[in-house]
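Structural overview
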Amino acid sequence: QVQLVESGGGSVQSGGSLRLSCASSEYTMSGHSLGWFRQAPGKEREGVAATDNSGTTRYIDSVKGRFTISLDNAKKTLFLQMNTLEPEDTAMYYCAASRYRGYASFGASSYDYWGQGTQVTVSS
């Protein structure tokens, strides 16, 4: 089974930054749909950012201009750089990858592998 492990979460003040990492046990992470999702207590899980083998990136409106998704193929690591964090960004963040080659998607059903999650807490 492919394993994804997130790290980099923590507690920051509003306006601060965090960089989340997602390491994969696969030989390569390229050629697959890759995404970051988040879920706050009592809320549904939502897609935040996604990318694919073509280099296409997608973001939900609320994080555009603040978050950046990127992939380091050599390190087999997916990143989510989060700047100008807001209390509304507080959630458990998960990385995800598709089994087969695909495209950037915010649909959870598009993904087959999920990390255990890393907590992000933003205080006022």
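Refer to the preceding data block for the structure.
Once a new chain begins, its residue numbering starts again from 1 and follows that chain's sequence as written. Residue-level local features of this predicted model are given only where pLDDT is at least 70; pairs of side-chain atoms are given and counted only at 80 or more, and the full residue set underlies all totals for whole chains, interfaces and linings. The basis for every side-chain value is the complete set of heavy atoms in the structure, and neither hydrogens nor water enter the calculation.

A word on the overall build of the protein chain. Going along the chain from the N terminus, every DSSP run of H or I of four or more residues is numbered as a helix, and every run of E of two or more is numbered as a strand. Helix and strand content of the protein chain: 0 helices and 11 strands. Across the protein chain, helices and strands are ordered from the amino to the carboxyl terminus as β-β-β-β-β-β-β-β-β-β-β. Every radius of gyration here is taken over C-alpha atoms, with the globule rule written as 2.2 Å times N^0.38, N being the number of residues. Scaling as 2.2 N^0.38, a compact globule of 124 residues should have a C-alpha radius of gyration of about 14 Å, and the protein chain matches this with 13 Å. Overall, the protein chain is about 40 × 25 × 25 Å in size when its C-alpha atoms are taken along their principal axes.

Burial classification: accessible surface area is computed with a 1.4 Å probe over protein chains only, and a residue below 20% of its type maximum counts as buried, one above 50% as exposed, and the rest as partly exposed. Judged by how many residues are buried, strand E9 (residues 91-97) sits mostly within the fold: 6 of 7 residues are covered. For two strands to be treated as a pair, DSSP must find at least two bridges joining them. Note: strand E4 (residues 34-39) against E9, 6 bridges, orientation antiparallel. Note on E9: the bridge partner recorded for Leu 34 is Ala 97. Two elements, E9 and strand E11 (residues 118-123), share 3 bridges in a ladder whose sense is antiparallel. Its bridge partner lying in E11, Tyr 93 is registered against Thr 118. Summarising the sheet, E9 and strand E10 (residues 113-114) pair through 2 bridges and their orientation is antiparallel.

The criterion for a disulfide is a pair of cysteine sulfur atoms lying within 2.5 Å. Evaluated as defined, the whole model comprises 1 disulfide. The partner cysteine of Cys 22 in its disulfide is Cys 95, sulfur to sulfur 2.0 Å. Here the disulfide of Cys 22 and Cys 95 is right-handed, its torsion about the S-S bond being about 55°. In this pair, Cys 22 sits in strand E3 (residues 18-24) while Cys 95 sits in strand E9, placing the two residues 73 residues apart along the sequence.

Within the open sheet, the 4 strands sit side by side as E1-E3-E8-E7. Their pairing is antiparallel. Unpaired on one side and paired on the other, strand E1 (4-7) and strand E7 (67-72) mark the two borders of the sheet. With strand direction ignored, the average angle separating the axes of adjacent strands in the sheet is 15°. As judged from the 6 bridges shared by E3 and strand E8 (residues 77-82), these two strands associate in the antiparallel manner. In the strand pairing of E8, Ala 23 is matched with Thr 77. Throughout, an axis means a line fitted to C-alpha atoms (over the contacting stretch in the case of helices), and angles, computed between N-to-C directions, take values from 0 to 180 degrees.

Counting 27 residues, the largest nonpolar core has Leu 4, Trp 36, Phe 67, Leu 78, Leu 80, Met 82 and Tyr 93 as the members making the most contacts within it. Here the element with the most residues in this core is E9; it accounts for 4 residues. Residue contacts follow a heavy-atom distance rule, with two residues in contact if any of their heavy atoms lie within 4.5 Å. In this view, Leu 4 contacts Cys 22, Ala 23, Ser 24, Met 29, Cys 95, Ala 96, Ala 97, Tyr 113, Trp 114, Gly 115 and Gln 116; residues no more than four positions away in its chain are not counted. Definition of nonpolar core: a set of buried residues of the types Ala, Val, Leu, Ile, Met, Phe, Trp, Tyr and Cys, connected through side-chain atoms within 4.5 Å. Phe 37, Ala 96, Ala 104 and Tyr 111 belong to the second-largest nonpolar core, a separate cluster that totals 5 residues.

So, on to the pattern of salt bridges. Put simply, a salt bridge is a Lys or Arg side-chain nitrogen that is within 4 Å of an Asp or Glu carboxyl oxygen. In the structure shown here, the tally under the stated rule is 5 salt bridges. Across the salt bridge formed by Arg 66 and Glu 86, the nearest N and O atoms sit 4.0 Å from each other. With Arg 66 in the loop between strand E6 (57-59) and E7 and Glu 86 in the loop between E8 and E9, this residue pair connects regions lying 20 residues apart in the sequence. Among the salt bridges present, the one from Arg 66 reaches Asp 89, with a minimum N-O distance of 2.8 Å. Taken together, the residues Arg 66 in the loop between E6 and E7 and Asp 89 in the loop between E8 and E9 connect sequence positions 23 residues apart. Side by side, Arg 66 and Asp 89 carry an identical accessibility label, which is buried.

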